[in-house]
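# Summary of structural features
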Amino acid sequence: MRVEKLSTEIDIKSYLRTLGVDSGGVNILASKAKVHLISIKDMHVGAANILKQDALSIGADLAVPRGTVIAKEKQVDCLLIASTKELEILSQKELAQPFGLKELAYKLKDLLKIQKPKHTEIMGVINANDDSFFSGSRFKNSDVVSVIEKMIEEGAKMIDIGAVSSRPNAPVVSKEDELLRIEPILELIKEQSLYEKVLFSIDSYEPQVIAKAMDAGFSIVNDITGLENDEVCNIAAQNAAEVVIMHMQGSPQNMQDNPSYSDIIGELSTFFEERMQKAEKFGINNIILDIGIGFGKTLEHNITLLKNLEHFLIYKKRLLVGASRKSMIDKIFPAEIEDRLAGTLALHLEAARNGASILRVHDVYEHAQALKVQERLLDF
């Protein structure tokens, strides 16, 4: 007899089939193989005690603060530790319980429906300005067509083009200057019908610029203000554009001035819910969510969001992550912007593993290769 410890990230259903497990048993066993960690905040202490006993009775558990059993505090924060199968049981069992546990049961049912994407697409980056933080993404108008074609050849499914830097402390640019920078590129894309080869995204929150891009064949609006401007909403809706709602605390001019959150995942959730409701009121149905790495966030905030990215899949929207060559890499391993490709790949592979459908990148070929290898490993 030989005993081997296997990775918890293998394709468990495939492995069970290889063992010859009965088809009906594959799903049952697979549901027992995955463990979920679910944070529950501000829970009624009575609910916590009931859920603790219910969880223990089926092999799961609920981590609670000291003193919960004697109701020391009226509301408590807890951590539910359960397999998929145990969550299925609890989501039924708690429907009959008091203290808000019925509401929790429905939320557990929603969590069980979360599906990570099997494939991650690449969004290449082109900057039509001279002050973007990474010089490698800046191109002259005459070079843009060849750059676009190269990105497509390397594996980009989308290309994001902007003319205003959003790096920390970037200067404010007028809409006139933004148009002056980007119009020649828009004209080239329109004249050569490049939008038939790849999806184009406009990185702007200026209505006039977005309208020009839509006219040039762009189909995605990448708005770092998260649809703050109603006029942007109107233009996106009129053009049936897909919209990226990004979270940013503050503005590029002040976002890194001591950013703070009491509950970053909860605060981003509230932001996304409010902005999605706004988008839907304007008739915008195709929405992508972007957690906004580096936009009003410390290193710890960024890592927390990347590690817990799967939480945002509950909204059933595609998730975009853009950490390409950003300063969080320098904070972990000091390096100039030009030397941050390895760190970028590490962050983006983690994002893809945790649920990102789209990666916004400066280095298309390297990401295409890394993602292909990772997908093969996860399929094994």
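Right above here is the structure, for reference.
The following paragraphs examine the structure supplied in this document.

Conventions used here
- Residues numbered from 1 in each chain as written.
- Predicted model: local features only at pLDDT ≥ 70, side-chain atom pairs only at ≥ 80, totals over all residues.
- Heavy atoms only, no water.
- Helix = DSSP H or I, 4+ residues; strand = E, 2+ residues; numbered from the N terminus.
- Rg over C-alpha atoms; globule rule 2.2 N^0.38 Å.
- Buried < 20%, exposed > 50% of the residue type's maximum accessible area, 1.4 Å probe, protein only.
- Areas by Shrake-Rupley, 256 points an atom, 1.4 Å probe, with all protein chains shown as cover.
- Lys, Arg positive; Asp, Glu negative; His and termini not counted.
- Charge placed at Lys NZ, Arg CZ, Asp CG, Glu CD.
- Pairing = 2+ DSSP bridges.
- Axes fitted to C-alpha atoms, helices over the stretch in contact; angles between N-to-C directions.
- Contact = heavy atoms within 4.5 Å.
- Right-handed = clockwise from strand over helix to strand, strands pointing away.
- Patch = residues over 30% accessible without salt bridge, like charges linked within 9 Å, V, L, I, M, F, W, Y side chains within 5 Å.
- Salt bridge = Lys/Arg side-chain N within 4 Å of Asp/Glu carboxyl O.
- Phe/Tyr/Trp six-rings, centres within 6.5 Å; stacked < 30°, edge-to-face > 60°.
- Expected span 1.5 Å × (residues − 1).

Turning to the overall build of the protein, a few remarks are in order. Within the protein, the regular secondary structure consists of 14 helices and 11 strands. In summary, the protein has a C-alpha radius of gyration of 23 Å against a globular reference of 21 Å for 380 residues, a match within 12%. For the protein, the C-alpha atoms occupy an extent of roughly 70 × 55 × 45 Å along the three principal directions. Out of the 380 residues in the protein, the part that is buried amounts to 46%. Split by element, the accessible area of the protein, about 19500 Å² in all, is 51% carbon and sulfur. Of the side chains in the protein, 45 bear a positive and 55 a negative charge, and the two mean positions are spaced by 7 Å.

Turning next to the sheet that holds strand 3 (residues 75-83). Read from one edge to the other, the open sheet built from three strands follows the order 1-3-2, with strand pairing classed as antiparallel. If you trace the sheet from one side to the other, it starts and ends with strand 1 (35-44) and strand 2 (61-63), each paired once. Strand-to-strand, the axes of this sheet are offset by a mean angle of 25°, without reference to chain direction. Here strand 2 runs beside strand 3; their pairing, made up of three bridges, is antiparallel. Opposite Ala 63, over in strand 3, you have Leu 79 as the bridge partner. Lying over the sheet, helix 3 (residues 45-57) contacts strand 1, strand 2 and strand 3, oriented at roughly 155° with respect to strand 1. Each of strand 1 and strand 3 is contacted by helix 4 (residues 84-93), which is oriented at about 125° to strand 3, the strand it contacts most.

Burial of strand 6 (residues 199-203) is extensive: four of the five residues sit out of reach of the surface. With five bridges connecting them, strand 5 (residues 158-162) and strand 6 associate as parallel partners. What sits directly across from Met 158, in strand 6, is Leu 199. Viewed along the sheet, the connection from strand 5 through helix 7 (residues 175-191) into strand 6 turns out right-handed. Relative to strand 7 (residues 220-223), strand 6 runs parallel, the two sharing three bridges. Looking across to strand 7, one finds that Ser 201 is bridged to Ile 220. For the segment spanning strand 6, helix 8 (residues 207-215) and strand 7, crossover handedness is right-handed.

This part is about the sheet that holds strand 6. The strand order around the closed barrel built from eight strands is 4-5-6-7-8-9-10-11, with neighbouring strands paired in parallel fashion. Strand after strand, the sheet turns through a mean of 25° between neighbouring axes, direction not considered. Note that strand 10 (residues 318-321) and strand 11 (residues 358-361) share two bridges and pair parallel. Pairing of Leu 320 across the sheet is with Ile 358, part of strand 11.

Attention shifts here to a nonpolar patch on the surface. On the surface, Leu 6, Tyr 15 and Leu 19 cluster together into a nonpolar patch covering about 280 Å² of accessible area. Tracing the backbone shows Leu 19 in helix 1 (residues 12-19).

Our next topic: the packing of aromatic side chains. Counted by the stated rule, this structure contains three aromatic pairs. Between Phe 200 and Phe 218, the ring centres sit 5.3 Å apart and the planes meet at 35°, which makes this aromatic pair tilted. Within this pair, whereas Phe 200 is found in strand 6, its partner Phe 218 is found in the loop between helix 8 and strand 7, the two being separated by 18 residues in sequence. With respect to class, Phe 200 is no different from Phe 218; both count as buried. One aromatic cluster is present, formed by Phe 271, Phe 272 and Phe 312 through successive ring pairs.

As a further point, take helix 10 (residues 264-281). Turn by turn, an α-helix covers 3.6 residues, leaving residues three or four places apart pointing in a common direction. Taking 1.5 Å per residue, 18 residues should reach 26 Å; helix 10 reaches 26 Å between its end C-alpha atoms and fits that length. Of the residues making up helix 10, those classed as buried are Ile 264, Ile 265, Leu 268, Ser 269, Phe 271, Phe 272, Arg 275, Met 276, Lys 278 and Ala 279. Those residues of helix 10 that are buried are in contact with helix 9 (230-238), strand 8 (242-246), strand 9 (287-290) and helix 11 (299-307). Following helix 10 by one or two positions, Gly 283 adopts a phi angle in the positive range, close to 90°.

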